[in-house]
Amino acid sequence: METVSRNRSHAGTQCVYSHESSATGTEMTFAVYVPDHVEGEKLPLLWYLSGLTCTHANVMEKGEYRRAASELGLIIVAPDTSPRGQDVPDDSAWDMGQGAGFYVDATEAPWAKNFGMRRYVEQELPELIAAEFPVDMARQGIFGHSMGGHGALTIALRNPGRYKSVSAFSPIVSPIQCPWGKKALGRYLGLDKAAWRDYDACALIEDGARVADILVDQGTADNFLAEQLKPQLLAEACASADIPLTLNMREGYDHSYYFISTFMDDHLRWHAERL
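Every residue gets a number counted from 1 within its own chain, in the order that chain's sequence is written. Predicted model: local features are reported for residues with pLDDT of at least 70 only, side-chain atom pairs are reported and counted for 80 or more only, and whole-chain, interface and lining totals are derived from all residues. Here the side-chain values reflect all heavy atoms present in the structure, with hydrogen atoms and water set aside.

1. What to know about helix α3 (residues 117-132)
Of all the bends found along α3, the most pronounced is centred on Leu125 and spans about 35°, while Pro126, a proline, follows it within four residues. Throughout, exposure labels follow a simple rule: accessible area from a 1.4 Å probe, protein chains only, divided by the maximum for the residue type, with under 20% read as buried, over 50% as exposed, and the rest as partly exposed. Each helix is a run of H or I in the DSSP string that is no shorter than four residues. Each strand is a run of E no shorter than two, and both are numbered from the N terminus. For α3, the full list of buried residues reads Met117, Tyr120, Val121, Glu122, Glu124, Leu125, Pro126, Leu128 and Ile129. When checking whether two residues touch, look at their non-hydrogen atoms; a contact exists if any pair is within 4.5 Å. Those residues of α3 hidden inside the fold are in contact with β2 (12-20), β3 (27-35), β4 (43-49), β5 (75-79), β6 (135-145) and α4 (147-158). In this analysis the local bend is the angle between axes fitted, respectively, to the seven residues ending at and the seven residues starting at the residue.

What follows is the structure, given as structure tokens:
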């Protein structure tokens, strides 16, 4: 693990690191914010997964989480959204390939060689974080935005008991039922839609997966709302499964980090109560 950058901020330290990943076969980059703490103290860990086209830097530079994270004593980890590099498969469109890993383990060529983002986020990076940082792995939460909201929801649902809290900003709640998801899952996983269900929050809930509760914030002026995000599908799935869902429809807010940063504090406090 190599240090890319290190900065003091809000009585804590914001760092960026790189390391060679076995899950992707590439160098991966991630951001970590660690609040000041007593030596030997273990802090709760909150994962943030970013959306299409993003890297670790989007939330780090525009998410405005450090003041609240320092106050609440939360370590924040933000991985990249995909493997990257000249030899890594890519697509000319922004919703596929580099910057658009969808947090899946690809099984189809040419993606399978490098796009092991499920293994990376669920296994490899947590092992590295546990070894190198003062985290209490019994107190983990996860949240994300858009494609990262999809990642947070599905990862929490697939790993019952690992995450004490899960929330999302503008998540893709059912990739099986939206153009982004049909394209990505079809090309990463193949045409057998049964394999897609592990990467669809609504399908996972229908198939019996459960979490304690979910928080979602969604802007009403989000131009992806009707066609791609469809939060009503998550509301219906949660209602059928008796999963408490807080769905806040935020009037006039869009899909950007202006929206995310506005409600970031609410999400951090919600997670802190559960961690």
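Text resumes after the structure shown.
2. Some details on the side chain of Asp95
On the secondary structure map, Asp95 appears in the loop between β5 and α3. Judged by its relative accessible area of 12%, Asp95 falls in the buried class. Whenever two N or O atoms come within 3.5 Å, that pair is a polar contact, provided that in protein one can donate a hydrogen and the other can accept it, and provided that, for residues adjacent in sequence, both atoms are side-chain atoms. A distance of 2.8 Å separates a polar atom in the side chain of Asp95 from a polar atom in the side chain of Lys183. Beyond its immediate stretch of four places on either side in the chain, Asp95 contacts Leu52, Ala100, Phe102, Trp180 and Lys183.

3. Quick notes on the nonpolar core
Definition of nonpolar core: a set of buried residues of the types Ala, Val, Leu, Ile, Met, Phe, Trp, Tyr and Cys, connected through side-chain atoms within 4.5 Å. Core analysis: the largest hydrophobic core is formed by 68 residues, its most contacted members being Phe30, Val32, Val77, Phe102, Ile129, Ile142 and Tyr188. Residues within four places of Phe102 in sequence aside, it is in contact with Leu52, Thr81, Asp95, Met147, His150, Ile172, Trp180, Gly181, Ala184 and Tyr188. Grouped together as the second largest cluster of nonpolar side chains are 22 residues, Ala31, Tyr33, Tyr65 and Phe259 included.

4. So, the packing of aromatic side chains
Side-chain rings of Phe, Tyr and Trp, where Trp is taken by its six-membered ring, are said to pair if the distance between their centres is within 6.5 Å; with planes under 30 degrees apart they count as stacked, over 60 as edge-to-face, and otherwise as tilted. Applying the stated criterion across every chain, the model contains 15 aromatic pairs. Ring geometry for Trp180 and Phe224: centres 4.7 Å apart, planes at 50°, overall tilted. Here the residue Trp180 occupies a position in helix α5 (residues 179-189), and Phe224 occupies one in the loop between β8 (214-219) and α7 (225-229), the gap between them amounting to 44 residues. On the accessibility criterion, Trp180 (4% relative accessible area) is buried. Overall, Phe224 belongs to the partly exposed group, its relative accessible area being 21%. These aromatic residues form a ring-pair network of at least three members: Tyr48, Phe143, Phe169, Tyr253, Phe259 and Phe263. A ring has a charge above it when a Lys NZ or an Arg CZ is no more than 6 Å from the ring centre and no more than 35 degrees off the ring normal. For the cation-ring pair, Arg66 lies above Tyr65, with the distance from its terminal atom to the ring centre recorded as 5.0 Å. Sitting over the face of the ring of Trp270, Arg274 holds its NZ or CZ atom 3.8 Å from the ring centroid.

In short, shape yes, function no, at least from these values alone.
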